[in-house]
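So you can see what is in the structure, the chains are spelled out below.
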Amino acid sequence: MKKMKKIKKILVVVVCIIVLSGCGSQQNNSNKELDLNLVKSNLSALMVENSKPFSEESNINNKDSIETYGLDVTLLDEYAIYLPSAVVDASMYIVAKPKEGESSVVKYQINELLEKYYNAYNGYYPKEAKLIEDRMEKELDGYLIYIVSADNEKVYNAIKESLK
């Protein structure tokens, strides 16, 4: 009887180890990279609520504008950032891969950026301020992803399609 209980305990432990190791291997996508040119292209063409919120014509994606918001791009290996040039639309995205060991600093800076961004809209454009409040924040294979749009899930799926 004692021997049977011992065998059951060992089997339970073995099954748990197998299950846990199997789950870890399925979630590991570390060999994959985002093609940021494809991200920009996919999002530029994306339709959300009958409009293209990330049109390249209205993108102020330049280093000076980004640094004005307080994001030090020298802490990033690569990035794709869309900030609208028109203040009536708050739709924006940040896809950034921090350099080794810089993730927490970059997250802090992006959160500060989003706070400034929210304050710029709050009181003047309540609908846009709500979009900023309801933003999506994700991590995907070492990339930090921040999305402000009317359909964050649709934008995120378009970004995931750029994973190679």
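To be clear, the structure that these remarks concern was listed above.
### Here's the deal with the overall build of the protein
In step 1: Along the protein, the regular secondary structure elements total six helices and four strands.
In step 2: Scored against the burial criterion, the 164 residues of the protein give a buried share of 35%.
In step 3: Long-range contacts, defined here as pairs at least 24 residues apart, represent 59% of the contacts in the protein between residues at least 6 apart.
In step 4: Here the protein has roughly 10000 Å² of accessible surface; of this, 53% comes from carbon and sulfur atoms.

### Things to note about the environment of V73
In step 1: Relative to the helices and strands, V73 is located in the loop between α3 (63–68) and β1 (76–82).
In step 2: With 33 residues separating them along the chain, V73 and V106 place their C-alpha atoms 8.8 Å apart.

### Digging into unusual backbone geometry
In step 1: The backbone of N50 shows a phi angle near 65°, a positive value even though the residue is not glycine.
In step 2: On the secondary structure map, N50 appears in the loop between α2 (36–45) and α3.
In step 3: A positive phi is found at D141, a non-glycine position, where the angle reads about 50°.
In step 4: Its location among the elements puts D141 in the loop between β3 (136–140) and β4 (143–148).
In step 5: A residue is classified by how much of its surface remains accessible, and D141, at 22% relative accessible area, is partly exposed.

### Description of the nonpolar core
In step 1: If you look at the biggest cluster of nonpolar residues, it comprises 24 residues, and the most contacted ones within it are L71, M92, I94, V106, I110, Y117 and I132.
In step 2: Taken together, the elements giving at least two residues each to this core come down to β1, β2 (92–98), α4 (103–121), α5 (126–133) and β4.
In step 3: For this core, the element with the most residues is α4, which contributes seven residues.
In step 4: In contact with L71, not counting residues within four places along its chain, are I66, L76, I81, V106, Q109, I110 and L113.
In step 5: In this structure, L36, V48, I147 and I159 belong to the second largest nonpolar core, which totals 20 residues.

### A look at α5
In step 1: Of all the residues in α5, the buried ones are E128, A129, L131 and I132. Projected down its long axis, α5 carries its buried residues within an arc of 155°, all on one side. Among the exposed residues of α5, those oriented more than 90 degrees off its buried face are P126 and K127.
In step 2: On the buried face of α5, the contacting elements are α4 and β4.

### Description of the sheet that holds β3
In step 1: On the basis of which strands lie adjacent, the open sheet formed by four strands has the order β1-β2-β4-β3 and antiparallel pairing. On the outer flanks of this sheet lie β1 and β3, each paired with one strand and no other. In this sheet, neighbouring strand axes are inclined to one another by 10° on average, regardless of whether the strands run parallel or antiparallel.
In step 2: Across five bridges, β2 lies against β4 in antiparallel orientation. Counterpart to A96 in the pairing with β4 is L144.

About the thresholds
Residues numbered from 1 in each chain as written. Predicted model: local features only at pLDDT ≥ 70, side-chain atom pairs only at ≥ 80, totals over all residues. Heavy atoms only, no water. Helix = DSSP H or I, 4+ residues; strand = E, 2+ residues; numbered from the N terminus. Buried < 20%, exposed > 50% of the residue type's maximum accessible area, 1.4 Å probe, protein only. Contact = heavy atoms within 4.5 Å. Areas by Shrake-Rupley, 256 points an atom, 1.4 Å probe, with all protein chains shown as cover. Core = buried A, V, L, I, M, F, W, Y, C linked by side-chain atoms within 4.5 Å. Arc of directions from axis to C-beta. Pairing = 2+ DSSP bridges. Axes fitted to C-alpha atoms, helices over the stretch in contact; angles between N-to-C directions.

In short, geometric facts, not functional conclusions.
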